[in-house]
Amino acid sequence: MKKLPSIKAISDSEIQAMIDSDPDAPEATDEQLARARPFVEVFPALAAKMKAGGVTHRPIGRPLSANKKVAVSLRLDPDVLEKFKSAGPGWQARINEALRKA
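Computed from a predicted model, the values in this text were never measured in an experiment.

Q: I would appreciate a short explanation of the packing of aromatic side chains in the present structure.
A: Here a ring pair, both rings aromatic, is described through the centre-centre distance and the interplanar angle of the planes. Taken as a whole and judged by the stated rule, the model has one aromatic pair. Consider the rings of phenylalanine 39 and phenylalanine 43, whose centres lie 5.3 Å apart with planes at 45°: the pair is tilted. A cation sits over an aromatic face here: lysine 85 above tryptophan 91, 5.0 Å from the ring centre.

Next comes the structure, spelled out in structure tokens:
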């Protein structure tokens, strides 16, 4: 795949020419836009099924956990924190486990 130049180095007319030349994403015409209808109108059964299944929107953030954590501010000695972090990702979980055993 060829590398494209920085967007800052390209004029608006060059950008428009690149858009116009893309066969996979042609610009919608005014006629096409005038005929456009909402998904719910075009596929009512599928839209109802999606809504009933809870897929009308993507949830934001991490999935809810049965074992919710509580955010706290904790001061640790630098060497203690470095020891946990040096083992890689999951250092907070390892601190949690160590505190649970204490």
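Q: Can you help me understand the pattern of salt bridges in this one?
A: Oppositely charged side chains are able to pair whenever their charged atoms sit close together. Going through the model one piece at a time under the given rule, you end up with three salt bridges. Residue arginine 37 is joined to glutamate 41 by a salt bridge in which the shortest nitrogen-to-oxygen separation is 3.6 Å. As a salt-bridge pair, glutamate 97 and lysine 101 come within 3.3 Å of each other at their nearest N and O atoms. Of this pair, glutamate 97 and lysine 101 both sit in helix α6 (residues 91–101), four residues apart, roughly one helical turn. Exposure remark for glutamate 97: the relative accessible area of 43% places this residue in the partly exposed category. Among the residues examined, lysine 101 registers a relative accessible area of 68% and is labelled exposed.

Q: What's the story with a nonpolar patch on the surface in this structure? I'm lost.
A: Residues Val70, Val72, Leu74, Leu76, Val80 and Leu99 make up a contiguous nonpolar surface patch of roughly 580 Å² in combined accessible area. By the element assignment, leucine 74 lies in the loop between α4 (44–52) and α5 (78–85).

Q: Whenever I open this one, the packing of α5 against α6 confuses me. Can you help?
A: Two measures define how a pair of helices packs: the angle their axes make with one another and the distance between the axes. Two elements in contact, α5 and α6, have axes separated by 8 Å at closest approach and are oriented at 115°. Two packed elements cross with a definite hand, and for α5 against α6 that hand is right-handed. The segment α5 lies against α6, with Leu81, Phe84 and Lys85 engaging Trp91, Arg94, Ile95 and Ala98. Taken together, the residues that form the contact of α5 with α6 break down as five nonpolar, no polar and two charged.

Reading guide: rules and limits
Residues numbered from 1 in each chain as written. Predicted model: local features only at pLDDT ≥ 70, side-chain atom pairs only at ≥ 80, totals over all residues. Heavy atoms only, no water. Phe/Tyr/Trp six-rings, centres within 6.5 Å; stacked < 30°, edge-to-face > 60°. Lys NZ or Arg CZ within 6 Å of the ring centre and 35° of its normal. Salt bridge = Lys/Arg side-chain N within 4 Å of Asp/Glu carboxyl O. Helix = DSSP H or I, 4+ residues; strand = E, 2+ residues; numbered from the N terminus. Buried < 20%, exposed > 50% of the residue type's maximum accessible area, 1.4 Å probe, protein only. Patch = residues over 30% accessible without salt bridge, like charges linked within 9 Å, V, L, I, M, F, W, Y side chains within 5 Å. Areas by Shrake-Rupley, 256 points an atom, 1.4 Å probe, with all protein chains shown as cover. Axes fitted to C-alpha atoms, helices over the stretch in contact; angles between N-to-C directions. Left-handed = near helix turned anticlockwise from the far one by under 90°. Contact = heavy atoms within 4.5 Å. Nonpolar A, V, L, I, M, F, W, Y, C, P; charged D, E, K, R; others polar.

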